[in-house]
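Here is how the chains run, residue by residue.
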Amino acid sequence: MSMHQEAMHYLQCINQVRTRDDMGSVMRVIAEQLGFQYFALTQHVDVVAAGSGVIHIHNYPDRWADFYAANALGITDPVHRACHMTSWGFRWTQMPTLIPLTSGDHRHLARGRQAGIGDGFTIPSNIGGQPPGSCTFANAGDRPLREDRLLLAQLLGNYAFDAARRLWSMPRQAMTAPLITDRQRDCVQWAARGKSDWETSQILDISRETVTSHIKEACARYQVNKRILLVGRTLGDGTLTISDIGGWSHPHFWE
């Protein structure tokens, strides 16, 4: 069977999926046929807090899946952060060329290896106004990825995630309705740029107490208790973007 014929076969299998369980079954078969032990279709959010409405299906080892969920790694996972730096699939060994890896990132990757997951290939799937996501295929450390299967994995990973978005069919209003007000967003944006509440108050011409209040209310609406988690949530649902945090186009950035 040629690669074209193989691709068409798998695309038809994905097209026939009608339930979430079926999507998981089809992805297991596709991963195995491509030479991978594991797969994951997931949106980059706190999967426990998000509940059943978020795309998150995989066949990772249970101990890794439990650790991932308990520590809200959907937000901080270095693989997910690297997805913001490219629209093309990448091997995990390429991550240092995409993002700086912290000591925590290295511990995270080492823990994954201890759980039986070695190298992987992740295909980003980012659409404005929706939580970012990805499709990943991975193997144990003693089983190298097959280079000749990565192009097909890229095609099928993109297609499968788009199919999952339709299958999960989150209402458009629920996906796009802002959780916070415009002024709260302004305060979160400047906090994400490293500004203190006092500095933000000077930029926005409001009191420091008002800034603090807006940040606290935004945290409450996203059900988090740390500013870094708040920033992660607003990036995850499209309320803020990477360019918002970079902020070089804002006139105050140069002051």
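First, a word on scope: everything that follows refers to the structure included in this document. Because the structure is a prediction, the values reported are computed rather than measured.

With that out of the way, let us pick up the pattern of salt bridges. For the coordinates displayed, the defined rule picks out eight salt bridges. Residues Arg-91 and Asp-119 are paired through a salt bridge, measuring 2.9 Å at the closest nitrogen-oxygen approach. Here Asp-119 lies in the loop between α7 (103–114) and β4 (120–125) and Arg-91 lies in strand β3 (residues 90–91), a separation of 28 residues in the sequence. Grouping residues by exposure puts Arg-91 and Asp-119 together as buried.

What follows concerns the pairing of strand β1 (residues 38–43). Among the six residues of β1, six are classified as buried, and the element is accordingly described as predominantly covered. Along β1, one buried face is formed by Tyr-38, Ala-40 and Thr-42 and the opposite face, lined by Phe-39, Leu-41 and Gln-43, is buried too. The pairing of β1 with strand β5 (residues 133–138) spans six bridges and is antiparallel. Bridge pairing links Thr-42 to Ser-134 in β5. Summarising the sheet, β1 and strand β2 (residues 56–58) pair through three bridges and their orientation is antiparallel. Within the sheet, the bridge partner assigned to Ala-40 lies in β2 and is His-58.

On to the state of the cysteines, then. Counted under the stated rule, the structure contains zero disulfides. Free of any disulfide, Cys-187 has its nearest neighbouring cysteine sulfur in Cys-219, separated by 11 Å. Its relative accessible area of 1% is what places Cys-187 among the buried residues. Judged by relative accessible area, Cys-219 falls into the buried class, the value being 9%.

A separate point is the nonpolar core. Counting 30 residues, the largest nonpolar core has Met-23, Met-27, Ile-30, Leu-34, Phe-36, Leu-41 and Phe-137 as its most contacted members. Contributing elements (two or more residues each) for this core: α1 (3–15), α2 (20–34), β1, β4, β5 and α8 (150–168). At nine residues, α8 tops the list of elements feeding residues into this core. Excluding its chain neighbours within four sequence positions, the residues that come into contact with Met-27 are Phe-39, Leu-41, Cys-135, Phe-137 and Ala-160. Listed in part, the 17 residues of the second largest apolar core include Tyr-38, Val-79, Phe-90 and Trp-92.

Moving on: the packing of helix α10 (residues 182–192) against helix α11 (residues 197–204). Closest axis-to-axis distance for the α10/α11 pair is 10 Å, and the angle between their directions is 125°. On the basis of their axis angle, the class for α10 and α11 is oblique. In this structure, α10 crosses over α11, and the sense of that crossing is right-handed. Residue-level inspection shows Arg-183, Asp-186, Cys-187, Trp-190 and Ala-191 of α10 in contact with α11, the latter providing Thr-200, Ile-203 and Leu-204. Residues belonging to the contact of α10 with α11 are distributed by class as follows: five nonpolar, one polar and two charged.

Our focus in this paragraph is a nonpolar patch on the surface. Side chains of Met-3, Trp-88 and Leu-151 sit close together on the surface and give an oily, nonpolar patch of about 340 Å² of accessible area. Residue position: Leu-151 is located in helix α8.

On to the side chain of His-108, then. Mapped onto the elements, His-108 comes out in helix α7. Apart from residues no more than four positions distant in its own chain, His-108 is found in contact with Trp-64, Leu-73, Asp-77 and Pro-78.

Right, let's talk about α10 for a bit. All buried positions along α10 are accounted for by Gln-184, Cys-187, Val-188, Gln-189 and Trp-190. Phi for Gly-194, located one or two positions after α10, is positive at around 90°.

A few words now on α1. Every α-helical turn comprises 3.6 residues, leaving residues that sit three or four positions apart pointing alike. If you check α1, its first and last C-alpha atoms are 18 Å apart, about what 13 residues at 1.5 Å a residue would give, namely 18 Å. The complete set of buried residues in α1 reads Glu-6, Ala-7, Tyr-10, Leu-11 and Ile-14. Angular distribution of buried residues about the axis of α1 spans 130°; they occupy a single face of the element. If you follow the buried residues of α1, they end up packed against α2 and α8.

Calculation notes
- Residues numbered from 1 in each chain as written.
- Predicted model: local features only at pLDDT ≥ 70, side-chain atom pairs only at ≥ 80, totals over all residues.
- Heavy atoms only, no water.
- Salt bridge = Lys/Arg side-chain N within 4 Å of Asp/Glu carboxyl O.
- Helix = DSSP H or I, 4+ residues; strand = E, 2+ residues; numbered from the N terminus.
- Buried < 20%, exposed > 50% of the residue type's maximum accessible area, 1.4 Å probe, protein only.
- Pairing = 2+ DSSP bridges.
- Disulfide = S-S within 2.5 Å.
- Core = buried A, V, L, I, M, F, W, Y, C linked by side-chain atoms within 4.5 Å.
- Contact = heavy atoms within 4.5 Å.
- Axes fitted to C-alpha atoms, helices over the stretch in contact; angles between N-to-C directions.
- Parallel < 35°, antiparallel > 145°, perpendicular 65-115°, else oblique.
- Left-handed = near helix turned anticlockwise from the far one by under 90°.
- Nonpolar A, V, L, I, M, F, W, Y, C, P; charged D, E, K, R; others polar.
- Patch = residues over 30% accessible without salt bridge, like charges linked within 9 Å, V, L, I, M, F, W, Y side chains within 5 Å.
- Areas by Shrake-Rupley, 256 points an atom, 1.4 Å probe, with all protein chains shown as cover.
- Expected span 1.5 Å × (residues − 1).
- Arc of directions from axis to C-beta.

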